[in-house]
Amino acid sequence: MSKQEPGQPVKTANQRGAARLAAVQALYQMDIGGAGVLEVVAEYEVHRLGQEVDGETYLKADAGWFRSIVAGVVRDQTKLDPLIGSALQDDWALSRMDSTVRAILRAGVFEIIERKDVPVAVIVTEYVEIAQAFFSEDEPKLVNAVLDRIAKQIRGDQKKKD
């Protein structure tokens, strides 16, 4: 879903990165539309991941990774939201944030907690890049700061490398 400049090498898509992006989109869809997890996961797996939709080709994604993030965020949301809320500045409330930012933060925090096999730097970088795909202002910085704070709290000595 991106346009390449002529003469530039084509970057092969990271299937986990594509799964993360699709998970954020699915979580957003569930938040806005109120659809259930099984319905949304099935829709993405059958009609979106690696498919062409409205003239746009979705990247091939790691379907297991996608399912794990979406189902895990839904299952653990009552643990994730207070953790995210505690990492926000006092004048920010998770409930008042943009739905896309909420989806990015929930997915990122879920991975920090559950996917100890994935370095914090990879998780934070991937979700900041997703935020940059949707926002050009302060949101990517917010995602970076919140995920970094939570990573230090959860994983302690394992630091994000810049």
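Predicted model, so just to flag it, every value in this text is computed and none were measured.

Our next topic: the overall build of the protein. For the protein, the helix and strand inventory stands at 6 helices and 2 strands. Counting across all 162 residues of the protein, residues that qualify as buried make up 41%. Contacts in the protein between residues at least 24 apart in sequence constitute 70% of all its contacts with a sequence separation of at least 6. Accessible surface, the protein as shown: approximately 9,300 Å² in total, 49% of it carbon and sulfur.

Turning to helix H4 (residues 99-114), a few remarks are in order. Relative to the 22 Å expected for 16 residues at 1.5 Å per residue, H4 spans 22 Å between its end C-alpha atoms, a close match to the ideal helical length. If you check the start of H4, you find a side-chain oxygen 2.7 Å away from the backbone N of threonine 100, and it comes from aspartate 98.

This part takes up the confidence of the model for the protein. For the protein, per-residue confidence averages 80 on the pLDDT scale, and residues scoring 70 or more make up 75% of the total. Of all secondary-structure elements in the protein, the lowest mean pLDDT belongs to strand E1 (residues 52-53), at 52, while H4 reaches the highest, 95. A low-confidence stretch, residues 1-13 stays under pLDDT 50, and its non-local contacts, those more than four residues away or across chains, total 6 contacts.

What follows covers the side chain of aspartate 81. Here aspartate 81 is to be found in helix H3 (residues 63-87). Those residues in contact with aspartate 81 that lie beyond four places of it in its chain are Leu94 and Arg106.

Cut-offs and rules
Residues numbered from 1 in each chain as written. Predicted model: local features only at pLDDT ≥ 70, side-chain atom pairs only at ≥ 80, totals over all residues. Heavy atoms only, no water. Helix = DSSP H or I, 4+ residues; strand = E, 2+ residues; numbered from the N terminus. Buried < 20%, exposed > 50% of the residue type's maximum accessible area, 1.4 Å probe, protein only. Contact = heavy atoms within 4.5 Å. Areas by Shrake-Rupley, 256 points an atom, 1.4 Å probe, with all protein chains shown as cover. Expected span 1.5 Å × (residues − 1). Polar contact = N/O pair within 3.5 Å; in protein donor to acceptor, adjacent residues only side chain to side chain. pLDDT = per-residue confidence, 0-100.

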